[in-house]
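Next come the chains, spelled out residue by residue.
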Amino acid sequence: MENYIVSARKYRPMTFDTVVGQGALTTTLKNAIQSGRLAHAYLFCGPRGVGKTTCARIFAKTINCLNPQPNGEACGECESCKAFNEQRSFNIHELDAASNNSVEDIRQLIEQVRIPPQIGQYKVFIIDEVHMLSQAAFNAFLKTLEEPPKHAIFILATTEKHKILPTIMSRCQIYDFKRMGVNDIVSHLKHVAKKENIQVEDAALNIIAQKADGGMRDALSIFDQVASFCSGNITYQRTIENLNVLDYDYYFRLTEFFLEGKITECMLTLNEILSKGFEGQYFITGLASHFRNLLVSQDAQTAELIEASDEVRNRYKEQAQKCKPKFLYRAMKLANNCDLNYKQSQNKRLLVELTLIEMAQLSSDDGEASGLCPTQILKPIFAQLRGKKPSAEPTTSNANRQQTSAPQQHRGQQPPAAPAAPTQPVPPTVAKTPVTPRLKTFSIRHTDTTASSVVKEDEEVKQPTAYFGNKPVNNLSLTIAWRQFAAGLPHEDIGFTHQLNNMEPMLQEDGQTFLIIAENPIIQQELAKRKAAIEIFLQQQLQNSNLRMTTRLREVTDKRRAFSRAEIFSQMLKESEPLRKLKEEFELELA
Ligand SMILES: [Zn+2]
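Residues numbered from 1 in each chain as written. Predicted model: local features only at pLDDT ≥ 70, side-chain atom pairs only at ≥ 80, totals over all residues.

**Quick notes on the overall build of the protein**
- When helices and strands are tallied, the protein shows 25 helices and 11 strands.
- Within the protein, the fraction of its 591 residues that count as buried is 34%.
- In the protein, once contacts between residues fewer than 6 apart in sequence are set aside, the share between residues at least 24 apart is 74%. (Helix = DSSP H or I, 4+ residues; strand = E, 2+ residues; numbered from the N terminus. Buried ≥ 20, exposed ≤ 12 C-beta atoms within 10 Å, placed from the backbone. Contact = placed C-beta atoms within 7 Å.)

Here it is in structure tokens:
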């Protein structure tokens, strides 16, 4: 088998000119060599994998070259250069301070410093990760750094400049290596791919470069990994699969949905993303970057700031034309808020869902002032609904509820009502504050000791509603609509909102009735009070006028989410006589 060399080693630059993305810095070094003004100590700072050690090695080779070129590079052919190229030169010593940071290691290095070079002029000592040296090792080294022999040059490299002692800094010439741009990395990867005879898609290289976060070494090792995964043909699709990167196509699609106000599609897309194993926060920060890119793309000048392939950049430009700056600004703000609240949130998925719902309402809500609160944003839906069918809706007063109460005898015996005819003149019973006029129609049958009962409202007296269609419904779309309803409740209803979010509507066999299990009679009563508002909202949202809600109390056999401490305690009291006595004796209460 052929000896495999990783690309980062195989394509390590041998001259200053081939170092990628550090042009200013390598020019300065070359000039210093040409003019013969060399310092005794250099400090190379910068993130990992941006070429610090590589430049240090090229520097060592160049200053020792017996036949320096006019352009400031080493000849690559003299005895010294050959020794360097074959990694057998005695004029270069490397110490990795991350693993060799003791006084003893430094003492050995100092021994070497005293011996003059056999060939060439200089001995170069490279100390990598110099900030890792122990305090004692630092002290031992300082003396040598202050008064080095003429032939010794130190190159200290670090990723953490702030950890370097001022006494060291003041004795060094400092070079700051910058993170490499995505474009620099991409063009170098293209070069490598060509040499290795590997087919690549530009978009794939962009993803690799972004993942490497400005480090060429990382970029090349990711490149190797992807190349072996794709067996010689690096495509965008296989790259994102291998690197577990979220396809930016999702962001483009979602933005379209936001602009068109398609909430259901947004929820389904989120579901798809999460089911692929992506973390909600990763998704939301990616979405924020997408909006940022769109904003930047609105101006041809700033569009160049986007680090992406030309094809993707054009897609950004295209989508940016459809977005108003105000929409992008607000959407970015929403994404940012979601990101900030993510860690604290108990229900992270809901937080992301709410954010998406709010985003999807941004474009329809253009006139309003800030409009970032979901209750404000959802208002237009209700208003629209009422606007279409002018309402003779009773007010929220108790008197009205009483008047419209239904006779008791119908309770619990009626099948679900037939779809309301579109021609029915009677308006839907929906108001800003969801109330139904049928409080009395509801009751719980305490037929046995289990206290379980199915409560069905009297469908006959239910006022016919607007016709929304008869689209098929499934549990997922139902749950989404359910949460949208909860999100749209006014702030005073925060308690009820919370309860709604803890419930899952369950579609029954007929495909149009859904069951809600209530934790206790009070919640069930509350649900009954708002039945009409809930149903109309869901009917409109899911475009199915046949949707009906039934509720029942939770039974002992129903699975419970979790027990509260108080519930556990009261159960323990029931089961343990001594505990009960203890509680009574000392009048103990659960804190
Ligand atoms: Zn040479």
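Back to the write-up after that little detour.
**Here's the deal with the sheet that holds strand 2 (residues 92-96)**
- Here we have five strands laid out as an open sheet, ordered 2-3-4-1-5, and parallel in their pairing. Single-partner strands in this sheet number two, and they are strand 2 and strand 5 (173-176). Strand after strand, the sheet turns through a mean of 15° between neighbouring axes, direction not considered.
- Note that strand 3 (residues 123-128) and strand 4 (residues 152-158) share five bridges and pair parallel. The residue bridging Ile127 from the neighbouring strand is Leu156, located in strand 4. (Pairing = 2+ DSSP bridges. Axes fitted to C-alpha atoms, helices over the stretch in contact; angles between N-to-C directions.)

**Digging into unusual backbone geometry**
- Located in the positive-phi region is Glu129, a residue other than glycine, with phi close to 50°.
- As for its position among the elements, Glu129 is in the loop between strand 3 and helix 6 (135-146).
- Residue Glu129 is classed as buried on the basis of its C-beta count, with 20 C-beta atoms lying within 10 Å.
- In the Ramachandran plot, Gln543 falls in the positive-phi region, its phi being about 50° despite a non-glycine side chain.
- When you line up the elements, Gln543 lands in the loop between helix 23 (531-542) and strand 11 (548-553).
- Residue classification places Gln543 among the partly exposed residues on the basis of 17 C-beta atoms within 10 Å.

**Concerning the confidence of the model for the protein**
- For the protein, the mean per-residue pLDDT works out to 80, and 80% of the residues sit at or above 70.
- For the protein, the element scoring lowest by mean pLDDT is helix 18 (residues 374-388), at 42; strand 1 (residues 41-45) scores highest, at 95.
- A low-confidence stretch, residues 367-464 (pLDDT under 50), is modelled with 150 contacts involving residues beyond four sequence positions or located in other chains. (pLDDT = per-residue confidence, 0-100.)

**Quick look at the pairing of strand 3**
- Of all six residues making up strand 3, six are buried, and the element is well covered by its neighbours.
- The two faces of strand 3 match: Lys123, Phe125 and Ile127 on one face and Val124, Ile126 and Asp128 on the other face are all buried.
- As defined by bridge partners, strand 2 adjoins strand 3 across five bridges and the pair is classed as parallel. The residue bridging Ile92 from the neighbouring strand is Val124, located in strand 3.
- Handedness of the crossover joining strand 2 and strand 3 through helix 5 (residues 103-114) is recorded here as right-handed.
- Traced from strand 3 through helix 6 to strand 4, the parallel crossover comes out right-handed. (Right-handed = clockwise from strand over helix to strand, strands pointing away.)

**Topic: the packing of helix 17 (residues 348-362) against helix 20 (residues 475-488)**
- Where helix 17 contacts helix 20, the axes come no closer than 11 Å and their chain directions differ by 75°. For the element pair helix 17 / helix 20, the angle class is roughly perpendicular. Every residue of helix 20 that contacts helix 17 at Leu350, Glu353, Leu354 and Ile357 is listed here: Arg483, Gln484 and Ala487. (Parallel < 35°, antiparallel > 145°, perpendicular 65-115°, else oblique.)

**A few points about helix 17**
- For helix 17, which comprises 15 residues, the first-to-last C-alpha distance of 21 Å matches the rise-based estimate of 21 Å (1.5 Å per residue) to within 8%.
- Of all the residues in helix 17, the buried ones are Leu351, Val352, Glu353, Leu354, Thr355, Leu356, Ile357, Glu358, Met359, Ala360, Gln361 and Leu362. (Expected span 1.5 Å × (residues − 1).)

**Some thoughts on the nonpolar core**
- Within the largest apolar cluster, 69 residues are counted, with the highest numbers of intra-cluster contacts made by Phe44, Ile155, Leu156, Ile208 and Ala219.
- Structurally, this core is a two-domain feature, drawing no fewer than three residues from each of domain 1 (7-176) and domain 2 (182-243).
- The residues touching Ile155, leaving out its near neighbours within four places in the chain, are Tyr42, Phe44, Ala56, Phe59, Val124 and Ile126. (Core = buried A, V, L, I, M, F, W, Y, C linked by C-beta atoms within 7 Å. Domains from an automatic or database assignment.)

**Some details on the packing of helix 9 (residues 202-212) against helix 10 (residues 216-229)**
- Taken N-terminus to C-terminus, the directions of helix 9 and helix 10 make an angle of 135°; their axes are 8 Å apart at the nearest point. It follows that helix 9 is oblique to helix 10 by the angle criterion. Like other packed secondary-structure pairs, helix 9 and helix 10 cross with a definite hand, here right-handed. Each of Ile208, Ala209, Lys211 and Ala212 in helix 9 lies in contact with helix 10, whose residues at this interface are Asp218, Ala219, Ile222, Phe223 and Val226.
- Across the contact of helix 9 with helix 10, the residue classes tally to seven nonpolar, no polar and two charged. (Left-handed = near helix turned anticlockwise from the far one by under 90°. Nonpolar A, V, L, I, M, F, W, Y, C, P; charged D, E, K, R; others polar.)

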